[in-house]
Amino acid sequence: MTTSIPSAETLLSFEQEINAIRDETLSNVGQADADYIRRVIRFQRGLDLSSRLVIVLGFIHPLFWVAGVLMLALAKILDNMEIGHNVMHGQYDWMNDPHINSRNFEWDIVGDGDSWKRYHNHEHHTYTNIIGKDRDYGYGLLRLSDDIPWRKKNLWQFFTYLNLSLLFQWGVAYHELAAERIFFGKRRKESHLPISRSELKSAFFSKIGKQVFKDYIFWPLLCFPVFWSVLLGNLCANLIRNLWTSTIIFCGHFTENAQTFSEEECKNETRGQWYYRQILGSSNLEGARWFHILTGHLSCQIEHHLFPDIPARHYPAMAQKVEQVCKTHGIPYNTGSFVHQYLTVVKRVLRYSFPDKAGQEPLTNH
């Protein structure tokens, strides 16, 4: 799908209207948002602890174990999505809370938070879907655009996608190290790392060690008579969380109609052009309030890319206004049900598994 670029006048008007939505929302950010995130954190912490008790009760009946695993998976999803992702984006830094801020918060996955903030908050959100600049596009593993040369390994990239989904937290942990070629590949001639390579490796292994110890040694040993039951429960909860998180993120970035961009066409962008690129490169999911919370409000991926530092609970209301602005200016706004968007992700992964046919029209490129 190819979209014609709006005129400079249209983009300026579009920019002003998007800015107005941002300013109006910011004027309403305050105590209600602080109360909300604290409630979510209290609920998540309580759910985490109670789920571990229910897992232990699995020796009474297997259904306790199943319920405990699902509860723990839910707690990990909330920590990862609605709490961790949003807090680490700086959405609650204005609270001046010593714990709920982007500088000190660390989430419950093997990926080091500081590493994630470097390549995600800055790189991905600045260069969204720019081939060669956005390392989150395909995560260096998947070919999802005809801008990327086809290689034989792409033939089985659907299985790569499944593995990435199940092991997503490990992909998050290793992503920056892979880009810097810390363990494999020829060392990069230029690097913009604000820390040394040894510090990056140290943080990588330190965070993995803490998480592995907590999930697979500390908690199982604490419940020693049911050691293996608790260990397996933690493993299953992590896999469920990984699968949910990766699926939501893929649905927000790699649907059939999400577009890609070249470095050349993004030079000297105005703010309006940057907004335009964020919208064309992102996709939304429609659902109930509980669904938005479980996605960390990344179901409103378009709004997240437009306003990454605004408390995410405002995104659904903002989405209605953004969609209307897009409609007024003739700008595509990609939204749909979870099932529909996910099926287009699968279609995209499969479509680019094979070499492009001569004369074939690009599926999604701008």
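Right above here is the structure, for reference.
Note that the coordinates shown come from a computational prediction; the quantities given were computed from them, not determined experimentally.

Chemist: Before we move on, could you go through helix α9 (residues 271-280) and cite the residues and values that matter?
Modeler: Because the α-helix completes a turn every 3.6 residues, residues three or four places apart line up on one side. Counting buried residues in α9 gives eight out of 10 residues, a clear majority hidden from the surface. Listing the buried residues of α9 in full gives Gly272, Trp274, Tyr275, Tyr276, Arg277, Gln278, Ile279 and Leu280. Those residues of α9 that are buried are in contact with α1 (8-26), α4 (113-126), α11 (301-306) and α12 (315-329).

Chemist: Describe in detail empty space enclosed by the protein, supporting the description with residues and values.
Modeler: Counted according to the given criterion, the structure contains three cavities of 30 Å³ or more. Taken as a whole, the largest cavity spans an internal volume of roughly 270 Å³. If you trace the largest cavity, you find 27 residues lining it, with Trp116, His120, Phe168, Val172 and Ile249 closest to the centre. Mapped onto the lining of the largest cavity, the elements with two or more residues apiece are α3 (62-88), α4, α6 (168-179), α8 (227-253) and α11. A breakdown of the residues in the lining of the largest cavity according to their chemical character gives 11 nonpolar, 14 polar and two charged.

Chemist: An account of the packing of aromatic side chains is requested, with residue identities and associated values reported.
Modeler: For the structure shown, the criterion picks out 23 aromatic pairs. Ring centres of Phe218 and Trp219 lie 5.3 Å apart, and the angle between their planes is 75°; on these two criteria the pair is classed as edge-to-face. Put simply, the rings of Tyr137, Tyr139, Phe158, Phe159, Tyr161, Phe168, Phe250 and Phe254 pair up and form one aromatic cluster. Seen from the ring of Tyr36, Arg313 lies directly overhead, with NZ or CZ sitting 5.2 Å from the centre.

Chemist: Describe the environment of Thr128, listing the residues and the values that go with them.
Modeler: Mapped onto the fold, Thr128 is located in the loop between α4 and α5 (157-166). The sequence separation of Thr128 and Trp274 amounts to 146 residues, and the corresponding C-alpha distance is 9.3 Å. Residues within four places of Thr128 in sequence aside, it is in contact with Asp134, Phe261, Arg277, Gln278 and His305. Of the polar contacts made by the side chain of Thr128, one reaches the side chain of Gln278; its length is 2.8 Å.

Chemist: Explain the nonpolar core to me, and be specific about the residues and the numbers.
Modeler: Counting residues in hydrophobic clusters, the biggest one holds 41 residues, and the most contacted among them are Ile37 and Phe250. For this core, the elements supplying multiple residues, two or more each, are α2 (31-56), α3, α4, α5, α6, α8, α10 (289-294) and α13 (338-351). Among the elements that take part in this core, α3 stands out by supplying six residues, more than any other. When residues no more than four places from it in sequence are discounted, the contact partners of Ile37 are Glu82, Ile83, Val87, Tyr92, Met95 and Ile100. Counting residues in each nonpolar core, the second largest holds 26 residues, with Ile21, Ala312, Ala319 and Ile331 among its members.

Chemist: Lay out a nonpolar patch on the surface with the relevant residues and their values.
Modeler: On the surface, Trp150, Leu155, Trp156, Phe159, Leu162 and Phe354 cluster together into a nonpolar patch covering about 610 Å² of accessible area. Within the fold, Trp156 resides in the loop between α4 and α5. For Trp156, a relative accessible area of 46% translates into the label partly exposed.

Chemist: Got a sec to walk through the packing of α5 against α13? Specific residues and values, please.
Modeler: Here α5 crosses α13 at 135°, and the two axes come no closer than 9 Å. Relative to α13, the element α5 lies oblique. You can see that α5 and α13 cross each other, and the crossing is right-handed. When α5 is examined against α13, the residues Gln157, Phe158 and Tyr161 are found in contact with a partner set consisting of Tyr342, Val345, Val346, Val349 and Leu350. Residue composition of the contact of α5 with α13, by class: seven nonpolar, one polar and no charged.

Chemist: A description of the layout of surface pockets should follow, citing residues and the corresponding values.
Modeler: Of the voids in this model, the largest pocket is the one considered here, and its volume is about 1400 Å³. Lining the largest pocket we find 39 residues, and of these Arg135, Tyr139, Gly140, His175 and Ala179 sit closest to its centre. With seven residues, α6 is the largest single contributor of residues to the lining of the largest pocket. Each pocket or cavity is described by its volume, and for the second largest pocket that value is around 210 Å³. Looking at the lining of the second largest pocket, the elements with two or more residues in it are α2 and α7 (197-222).

Chemist: Describe unusual backbone geometry, with residues and values.
Modeler: Not every positive phi belongs to a glycine, and Asn129 is a case in point at roughly 65°. Tracing the backbone shows Asn129 in the loop between α4 and α5. Given a relative accessible area of 0%, Asn129 falls into the buried group. Look at Arg181: it is not a glycine, yet its phi comes out positive at around 55°. Along the polypeptide, Arg181 turns up in the loop between α6 and α7.

Conventions we followed
- Residues numbered from 1 in each chain as written.
- Predicted model: local features only at pLDDT ≥ 70, side-chain atom pairs only at ≥ 80, totals over all residues.
- Heavy atoms only, no water.
- Buried < 20%, exposed > 50% of the residue type's maximum accessible area, 1.4 Å probe, protein only.
- Helix = DSSP H or I, 4+ residues; strand = E, 2+ residues; numbered from the N terminus.
- Contact = heavy atoms within 4.5 Å.
- 1 Å grid on protein atoms, 1.4 Å probe; cavity = no way out; pocket = protein on both sides within 12 Å on 5 of 7 lines; lining within 4 Å.
- Points joined across faces, edges and corners; volume = space filled by probe spheres on them.
- Nonpolar A, V, L, I, M, F, W, Y, C, P; charged D, E, K, R; others polar.
- Phe/Tyr/Trp six-rings, centres within 6.5 Å; stacked < 30°, edge-to-face > 60°.
- Lys NZ or Arg CZ within 6 Å of the ring centre and 35° of its normal.
- Polar contact = N/O pair within 3.5 Å; in protein donor to acceptor, adjacent residues only side chain to side chain.
- Core = buried A, V, L, I, M, F, W, Y, C linked by side-chain atoms within 4.5 Å.
- Patch = residues over 30% accessible without salt bridge, like charges linked within 9 Å, V, L, I, M, F, W, Y side chains within 5 Å.
- Areas by Shrake-Rupley, 256 points an atom, 1.4 Å probe, with all protein chains shown as cover.
- Salt bridge = Lys/Arg side-chain N within 4 Å of Asp/Glu carboxyl O.
- Axes fitted to C-alpha atoms, helices over the stretch in contact; angles between N-to-C directions.
- Parallel < 35°, antiparallel > 145°, perpendicular 65-115°, else oblique.
- Left-handed = near helix turned anticlockwise from the far one by under 90°.

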